[in-house]
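Take a look at the letters that make up each chain.
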Amino acid sequence: MHKSSSFALLLSIALGGPAAAASIQDLAWLAGDWRDGDEHNLTQEVWTEPVAGSMTGMFRLVRAGKVGVLEYVVIAKQSDGIYYQFKHFRPDYSTWEGDGPHLRFELVESAPGRAVFKNTREVEGEPAYISYLRGDDGRIAVLVGAAPSGGDDYEGFKFVLTNHDRKP
């Protein structure tokens, strides 16, 4: 993906507090249909409201009118923390991970408009962090890479909330 100066504003958000005291309700700001692009070239994440200690999400990447990848995600409160777990799916519903384990990231920072998840294992080729950052304009950036706030080795996605019945 490309790095953009528009991420600079989002990256300037103050660091969040420890995640130990976080609840799944603290992530309610993610709920909604977040998009960038149109039906031919679309990057999209859809998140449900927190219920019963969990949120479910979907990521879809469409290029030239064809689905490239799908991810199905669960953020859930467990006895030892809040975890972001997912697998990548191809359009035929086979997974990139095969029979291997799903990816699992622990919530390590949480503040209004900021959630940082750290990979619970160190595996080459897997990102160390997934960070969600909401800017003053209501847009969110999702940073996937070696550091929680971007850096030299990351992929970045920007989204606008498209639900018309919710405020960003």
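In this text the structure is predicted, and so the values were computed from the model without any measurement.

Undergrad: How do you make sense of the overall build of the chain when you look at a structure like this?
TA: Of regular secondary structure, the chain possesses 1 helix and 11 strands. Starting at the N terminus and walking to the C terminus, you meet the elements of the chain as α-β-β-β-β-β-β-β-β-β-β-β. With 168 residues in all, the chain has 44% of them scored as buried. Partitioning the contacts of the chain with sequence separation of at least 6, the portion at a separation of at least 24 is 38%. In the structure as shown, the chain presents an accessible area of about 8800 Å², 53% of it carried by carbon and sulfur atoms.

Undergrad: How should the nonpolar core be read in this particular structure?
TA: If you look at the biggest cluster of nonpolar residues, it comprises 28 residues, and the most contacted ones within it are Leu-27, Trp-47, Ile-75, Tyr-84, Phe-117 and Tyr-132. Excluding its chain neighbours within four sequence positions, the residues that come into contact with Tyr-132 are Trp-29, Leu-30, Glu-45, Trp-47, Tyr-84, Gly-113, Arg-114, Ala-115, Phe-117, Ile-140, Ala-141 and Val-142.

Undergrad: Help me understand the side chain of Asn-119 in this model?
TA: Considering the arrangement of structural elements, one finds Asn-119 in strand 8 (residues 114–119). Every residue in contact with Asn-119, bar those within four places of it in the chain, is listed here: Arg-104, Phe-105, Glu-126, Pro-127 and Ala-128.

Undergrad: Can you walk me through the packing of aromatic side chains in this structure?
TA: Note on aromatic pairs: each is described by the distance of the centres and the angle between the planes. Going through the model one piece at a time under the given rule, you end up with 13 aromatic pairs. Considering the side-chain rings of Tyr-84 and Phe-86, the 5.6 Å spacing of their centres and the 80 degrees angle between planes classify their relative orientation as edge-to-face. Phe-86 sits in the buried class, given a relative accessible area of 5%. Centroid distance Tyr-84 to Phe-105: 6.3 Å. Interplanar angle 85 degrees. Geometry classified as edge-to-face. Here the residue Tyr-84 occupies a position in strand 6 (residues 81–89), and Phe-105 occupies one in strand 7 (residues 103–111), the gap between them amounting to 21 residues. Here Tyr-84 falls in the buried class, since its relative accessible area comes to 3%. With a relative accessible area of 0%, Phe-105 lands in the buried category. An aromatic cluster is present here, built from Trp-47, Tyr-84, Phe-86, Phe-105, Phe-117 and Tyr-132 joined pairwise through their rings. The ring of Tyr-83 has Arg-104 sitting right over it, with the charged end atom 3.7 Å from the ring centre.

Undergrad: Which parts of the structure should I look at to understand the side chain of Glu-45?
TA: Structurally, Glu-45 is set in strand 3 (residues 42–47). The buried charged residue Glu-45 lacks any salt bridge partner; its closest oppositely charged side chain belongs to Arg-60, at an N-O distance of 12 Å. Within the structure, the side chain of Glu-45 is placed 2.7 Å from the side chain of Trp-47, a separation counted as a polar contact. A distance of 2.9 Å separates a polar atom in the side chain of Glu-45 from a polar atom in the side chain of Tyr-132. Excluding anything up to four places from it in sequence, Glu-45 contacts Gly-32, Asp-33, Trp-34, Met-58, Phe-59, Tyr-132, Val-142 and Phe-159.

Undergrad: Help me understand the confidence of the model for the chain, please; the structure alone is not making it clear to me.
TA: Any region with low pLDDT has predicted coordinates that should not be read closely. Put simply, the chain has an average pLDDT of 83, and 80% of its residues get 70 or more. Within the chain, the lowest mean pLDDT, 36, falls on helix 1 (residues 6–11), and the highest, 96, falls on strand 4 (residues 54–63). Confidence drops under pLDDT 50 across residues 1–18; counting only partners more than four residues distant or on other chains, this segment forms 43 contacts.

Undergrad: Looking at this structure, how should I read the pairing of strand 10 (residues 140–145)?
TA: Each regular strand shows side chains that alternate between the opposite faces of the sheet. When you tally the buried positions in strand 10, you get 5 out of 6 residues, the bulk of the element. Relative to strand 10, strand 9 (residues 129–134) is paired through 6 bridges, and the arrangement is antiparallel. Bridging across to strand 10, Arg-134 finds its partner in Ile-140. Turn length for the strand 9-strand 10 hairpin, with the two strands adjacent in sequence and antiparallel, is 5 residues, and the turn residue Gly-138 shows positive phi of about 90 degrees.

Cut-offs applied
Residues numbered from 1 in each chain as written. Predicted model: local features only at pLDDT ≥ 70, side-chain atom pairs only at ≥ 80, totals over all residues. Heavy atoms only, no water. Helix = DSSP H or I, 4+ residues; strand = E, 2+ residues; numbered from the N terminus. Buried < 20%, exposed > 50% of the residue type's maximum accessible area, 1.4 Å probe, protein only. Contact = heavy atoms within 4.5 Å. Areas by Shrake-Rupley, 256 points an atom, 1.4 Å probe, with all protein chains shown as cover. Core = buried A, V, L, I, M, F, W, Y, C linked by side-chain atoms within 4.5 Å. Phe/Tyr/Trp six-rings, centres within 6.5 Å; stacked < 30°, edge-to-face > 60°. Lys NZ or Arg CZ within 6 Å of the ring centre and 35° of its normal. Lys, Arg positive; Asp, Glu negative; His and termini not counted. Salt bridge = Lys/Arg side-chain N within 4 Å of Asp/Glu carboxyl O. Polar contact = N/O pair within 3.5 Å; in protein donor to acceptor, adjacent residues only side chain to side chain. pLDDT = per-residue confidence, 0-100. Pairing = 2+ DSSP bridges.

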